[in-house]
Structure formats: structure tokens, C-alpha cells
Amino acid sequence: MNTSQRPDEDLEIRHRTVDVGEVRLHIAEAGSGPLVVLLHGFPEFWYAWRRILPALAREGFHVVVPDMRGYGSSDKPEGIEPYGTQHLAADIAGLVRALGAPRASVVGHDWGAAVAWCFAMAHPELLERLVVINGPHPVRMLRDGWRSPRQLARSWYMFLFQLPDVPEYFMSRDNHAPLMKALREEVRGPNALDAEELELYREAFAAPGALTAMVNYYRAALRRKSQVPARRVDAPVLVLWGDEDRHLGRELADPGADLAPDVRIVHFPGATHWIHHERPAFVTSEITTFLRPKGA
């Protein structure tokens, strides 16, 4: 996958594989300074952050973007249980330790946001600050999201994903045409994925075991496999939310003071679930302001 120079031609994005404990993760990284880890969601890979990675690096951060376990060039363990949030959070803790940093700020979108919340609950000693983008707190989703008929309707695909083999068969049809169509239709505006970028996604989907691993996130979540125990997140939290999200209701942006007492919520009217693609400059600015120490 030759994508090392595509996002920003005059900034070197380095690629390597890191042993984080249970698995080995492929990472893309750039810059130096305080560690910031960016976590992608379904059905993406590190390239989802292609615009924000170099922009944050230029702001004075060491930015690290893994392919989450099961995605891209990272390991893809077999079975459902290895995709429980306890394991996913442990991957990020192992990554922070492997990089030699005492703490890290973590930014997550979609499933990456869920993992970021779980990392914050399971490994608070390693967290500096937390940014979540269109990803509800897992406890809030269980407590309120599943009680909403509208949210249940929006989340129909999560129930389809519980079936064995059917989701993989559907998504792989015609050289992954359903996934490609979804990406073309979901990401809007001038930063929509072009043909070359879509081919990079198709290549990632075609990696052996990738589709099953991606779906196993959902299977493990609904079957409560190896979940992180709920606890309050006391670190500062920034929530960025595209209000035109077709998959998650606007009301889920607020985790609640009982789950995260120090939270700032920024709504983006007109933006969708994919605001990191659609409005990368605004997202980068909000993240930079939040992560940069006062007076720096």
C-alpha cells in the first residue's frame, strides 16, 4: 500500500509495525512533541486521518495513527472475543507504552471513539486528554441509545452484523462494491473521496480476514465479549459532533456529568458523521486548541 506521501507531499509520514502486546499494529506517524494518537472507525484505516495527521504534526505534536486491530496492515486475530473493548483498549495502552510516552492524548472517530472512551476508563493513568468525534460514550449508548426507537432504527446494520458470514458476503460482492458505494455517498462536499482514494480503501477491505475482523467489533459489542468496566472519565474531554449524522442521534453527543464531568461539546450544523473528512481544518483547529497547554 503505497500511501506514504499522498496526504501531504512535503511532510514525511513514517510507517512501521509496533508490537503492542497481544497483536502487532501498523502505524503511520509524523512530527515530534506530545503524543497524540488518532483512532479511525468502521470501515476505515489509518488513511482516514490523511489530512489531520500532517496538520497536527505541524502544530508541534507527535501524531501516531494505527490501523486498529483487524484493519489494514495490522494483525487480525480470529474469533469474536479478541475484538471486545477490553482488548481494543489494551492495544492503545500497549501502543502508548511501546512508544515510550508516559501519557497520550487520544482522538477517536466512530468505533475509534468507542475505543478511546474505553481506553480512558481502563487506563486513566495513560491518558492526557480525550477527543471524541461522533462517537457516544458506550454506557450512554447502552443506557439511552437502545431505548430510543429512532436510534434502534438508525442502528439496524448492527443487528444484521450479528449473522454469521452474511455481512462479509454482502460487503465483498462485486469487488466490495457495497462498501465503496457507502463511502461515496456518505462523505460529502469538496473533500469527498476520489477514485484513487477509494481504491486504497478497496485494497484495505481485500486484506485476508479484514471484513470478518471489522464486523467482529459489532459482534463482540452486542454479545458483551470482554468489555471494559464502566468508570468515570476525569480527564478533560472534547466532543466534536456533526449534527447531520445518519447513524447517531445528536442527543448522544453529551456523555453526561456522571460519566465525564469535564467535557466541552462542539456541534457542527450541516456536517455529517464524517466531519474529519468534510471539515478537516475546523476539526484540526478545535483539537489543537484543546490539546495545547494554556499560554503555549
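Each value, and the rule that gives it
- Residues numbered from 1 in each chain as written.
- Predicted model: local features only at pLDDT ≥ 70, side-chain atom pairs only at ≥ 80, totals over all residues.
- Heavy atoms only, no water.
- UniProt positions renumbered as here; feature names shortened; annotations may be inferred.
- Helix = DSSP H or I, 4+ residues; strand = E, 2+ residues; numbered from the N terminus.
- Axes fitted to C-alpha atoms, helices over the stretch in contact; angles between N-to-C directions.
- Parallel < 35°, antiparallel > 145°, perpendicular 65-115°, else oblique.
- Left-handed = near helix turned anticlockwise from the far one by under 90°.
- Contact = heavy atoms within 4.5 Å.
- Nonpolar A, V, L, I, M, F, W, Y, C, P; charged D, E, K, R; others polar.
- Phe/Tyr/Trp six-rings, centres within 6.5 Å; stacked < 30°, edge-to-face > 60°.
- Buried < 20%, exposed > 50% of the residue type's maximum accessible area, 1.4 Å probe, protein only.
- Lys NZ or Arg CZ within 6 Å of the ring centre and 35° of its normal.

## Some details on the UniProt feature "domain: AB hydrolase-1" (unreviewed entry) in the protein chain
Phase 1 of the analysis: The residues that UniProt annotates with the feature "domain: AB hydrolase-1" (unreviewed entry) are residues 34-280.
Phase 2 of the analysis: With 40% helix and 14% strand, residues 34-280 has its two end C-alpha atoms placed 20 Å apart.

## Overview of the packing of helix H7 (residues 166-186) against helix H9 (residues 210-222)
Phase 1 of the analysis: Orientation of H7 relative to H9, taken along the N-to-C sense of each, is 135°, at an axis distance of 10 Å. What the angle tells us is that H7 and H9 run oblique. Crossing geometry of H7 relative to H9 is assigned as right-handed. Together, Pro 167, Glu 168, Met 171, Ser 172, His 176 and Leu 179 of H7 and Leu 211, Thr 212, Val 215 and Arg 219 of H9 make up the contact between the two elements.
Phase 2 of the analysis: Along the lines of polarity and charge, the residues of the contact of H7 with H9 split into five nonpolar, three polar and two charged.

## Overview of the packing of aromatic side chains
Phase 1 of the analysis: Taken as a whole and assessed by the stated rule, the structure comprises 14 aromatic pairs.
Phase 2 of the analysis: Ring geometry for Tyr 157 and Phe 161: centres 5.9 Å apart, planes at 70°, overall edge-to-face. The pair Tyr 157 / Phe 161 is uniform in exposure class, with both members buried.
Phase 3 of the analysis: Here the aromatic residues Phe 42, Tyr 71, Tyr 83, Trp 111, Trp 156, Tyr 157, Phe 161, Tyr 217 and Tyr 218 are joined through ring pairs into a cluster of three or more.
Phase 4 of the analysis: Between Arg 129 and the ring centre of Phe 290, over which it is positioned, the NZ or CZ distance is 4.9 Å.

## Comments concerning the packing of helix H2 (residues 85-98) against helix H3 (residues 111-122)
Phase 1 of the analysis: Where H2 meets H3, the axes come as close as 8 Å, and the angle between the chain directions of the two elements is 75°. Considered as vectors, H2 and H3 are oriented roughly perpendicular to each other. Contact residues: H2 offers Thr 85, Leu 88, Ala 89, Ile 92, Ala 93 and Val 96, while H3 offers Trp 111, Val 115, Cys 118, Phe 119 and Ala 122.
Phase 2 of the analysis: Broken down by class, the residue content of the contact of H2 with H3 amounts to ten nonpolar, one polar and no charged.

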